[in-house]
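Observations on the three-dimensional arrangement
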Amino acid sequence: ETGVTQSPTHLIKTRGQQVTLRCSSQSGHNTVSWYQQALGQGPQFIFQYYREEENGRGNFPPRFSGLQFPNYSSELNVNALELDDSALYLCASSRPDRGLDEQYFGPGTRLTVT
Amino acid sequence: AQSVTQPDIHITVSEGASLELRCNYSYGATPYLFWYVQSPGQGLQLLLKYFSGDTLVQGIKGFEAEFKRSQSSFNLRKPSVHWSDAAEYFCAVGADPESGGSYIPTFGRGTSLIVHP
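Cut-offs used in this document
Residues numbered from 1 in each chain as written. Chains lettered and ligands numbered in written order. Predicted model: local features only at pLDDT ≥ 70, side-chain atom pairs only at ≥ 80, totals over all residues. Heavy atoms only, no water. Helix = DSSP H or I, 4+ residues; strand = E, 2+ residues; numbered from the N terminus. Rg over C-alpha atoms; globule rule 2.2 N^0.38 Å. Buried < 20%, exposed > 50% of the residue type's maximum accessible area, 1.4 Å probe, protein only. Contact = heavy atoms within 4.5 Å. Areas by Shrake-Rupley, 256 points an atom, 1.4 Å probe, with all protein chains shown as cover. Lys, Arg positive; Asp, Glu negative; His and termini not counted. Charge placed at Lys NZ, Arg CZ, Asp CG, Glu CD. Salt bridge = Lys/Arg side-chain N within 4 Å of Asp/Glu carboxyl O. Buried area = accessible area lost by both parts, 1.4 Å probe. Polar contact = N/O pair within 3.5 Å; in protein donor to acceptor, adjacent residues only side chain to side chain. Nonpolar A, V, L, I, M, F, W, Y, C, P; charged D, E, K, R; others polar. Core = buried A, V, L, I, M, F, W, Y, C linked by side-chain atoms within 4.5 Å. Pairing = 2+ DSSP bridges.

1. A short note on the overall build of chain B
For chain B, the count of helices and strands is zero helices and 12 strands. The linear arrangement of helices and strands in chain B, starting from the amino end, is β-β-β-β-β-β-β-β-β-β-β-β. Taking 13 Å as the expected radius of gyration for a compact globule of 117 residues, we find that chain B reaches 14 Å, a close match to that expectation. Its C-alpha atoms give chain B principal-axis dimensions of about 45 × 30 × 20 Å. A buried classification covers 45% of the 117 residues belonging to chain B. Here the contacts in chain B between residues at least 6 apart in sequence split such that 56% fall between residues at least 24 apart. A total of about 5500 Å² of accessible surface is found on chain B, and carbon and sulfur atoms cover 49% of it. Looking at charge distribution, chain B has the averaged site of its 8 positive side-chain charges lying 2 Å from that of its 10 negative ones.

Written out as structure tokens, the structure reads:
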């Protein structure tokens, strides 16, 4: 148990639709990172939010966007879904003063795009 | 930019046997190195990390890893594998932005560990 929760667990969407994934960070963690893990691959960094501002972004198009709320919950939004967006989406919370080793991952949301 | 390679997609061992999972990284300066484990339906759990100092790192669940700069490697080892160790293992590399790297970890594609009774 890491104290990081994600919802929903599984989701099926149709190509072209929009989806919102949610993450609840561990208490006191004001940094959240989102990762995409395609089948058979390692997690790829999408972006990070710190104090409700985007604080770094990986090689993902603008249709991937996020929000972080004052209660440390966050959302990942994906517009115009494509088949290749099918993946496990992981969020990880941390405190910036605790470094890379204090990143706690949630169990993920499995998104299937048909 | 940093990168990491896990050359083995699958590793099969018998319960009680020793284990070594390979990880090679690419980065010009001193990297930050991690091993994570992911069980089915679970998120990633940190097993151990190397930032500096002693190159032999002890982690949770009886795992250890050794940083070898000359070989650009950070292999994960366990002397005796238990059936519950069956999972996906990921090596990751990060770096200090002040030395030109990214603090965001770059993950390998993972090694699937299968444990036979």
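Picking up where we left off.
2. Quick word on the pattern of salt bridges
All names here are of chain A. Evaluation of the coordinates by the stated rule reveals eight salt bridges over all chains. Across the pair R57 and E54 runs a salt bridge whose closest N-O atoms are separated by 3.1 Å. Where R63 meets E82, a salt bridge forms, and the shortest distance between an N and an O atom there is 3.3 Å. Taken together, the residues R63 in the loop between strand 6 (53-57) and strand 7 (64-68) and E82 in the loop between strand 8 (73-78) and strand 9 (87-94) connect sequence positions 19 residues apart. A cluster of three or more residues bridged by salt bridges with shared partners is formed by R63, E82 and D85.

3. Description of the interface of chain B and chain A
Across the contact, 19 residues belong to chain B and 17 residues belong to chain A. Both faces considered, chain B and chain A share a buried interface measuring about 1400 Å² in area, 60% of it formed by carbon and sulfur atoms. A per-residue breakdown of the area chain B buries against chain A is headed by L44, Y103 and I104 of chain B, which together make up 33% of the total. Between the two partners, chain B and chain A, sit zero salt bridges. Our count for the chain B to chain A interface comes out at one residue pair in polar contact (both at pLDDT 80 or more). Listing elements by their share of the side of chain B that touches chain A, those giving two or more residues are strand 5 (32-38), strand 6 (44-50) and strand 10 (87-94) of chain B. The dominant element in the side of chain B that touches chain A, judged by the number of residues it contributes, is strand 5 of chain B, at four residues. Class assignment for the residues of the side of chain B that touches chain A results in 11 nonpolar, six polar and two charged.

4. Some thoughts on the nonpolar core
W35, L48, F74, L76 and Y89 of chain B are the most contacted members of the largest nonpolar core, which totals 28 residues. Those elements giving two or more residues to this core turn out to be strand 2 (10-14), strand 3 (19-21), strand 5, strand 6, strand 8 (64-68), strand 9 (73-78), strand 10 and strand 12 (111-116) of chain B. Among the elements that take part in this core, strand 10 of chain B stands out by supplying four residues, more than any other. Of all hydrophobic cores here, the second largest spans 20 residues; its members include V4, L11, V19 and V113 of chain A.

5. As for the environment of Q58 of chain B
Residues and elements named next belong to chain B. For Q58, the position within the fold is in strand 7 (residues 56-58). When the C-alpha atoms of Q58 and L76 are compared, they prove to be 9.9 Å apart, with 18 residues separating the residues in sequence. Setting aside anything within four residues of it in sequence, one finds Q58 in contact with L48, F63 and E64. At 3.1 Å, the side chain of Q58 forms a polar contact with the side chain of E64.

6. So, the pairing of strand 8 of chain A
Working note: regular strand, side chains alternate between the two faces of the sheet. All names here are of chain A. Among the six residues in strand 8, six count as buried, and that is most of the element. Burial of the side chains of strand 8 extends over both faces: S73, E75 and N77 are buried on one face and S74, L76 and V78 on the other. Pairing between strand 7 and strand 8: five bridges, direction antiparallel. Within strand 8, the position partnered with L67 by the bridge is E75. Linking two consecutive strands that pair antiparallel, namely strand 7 and strand 8, is a turn of four residues; a positive phi of about 70° is found at Y72 within it.

Shape descriptors only; they carry no functional weight alone.
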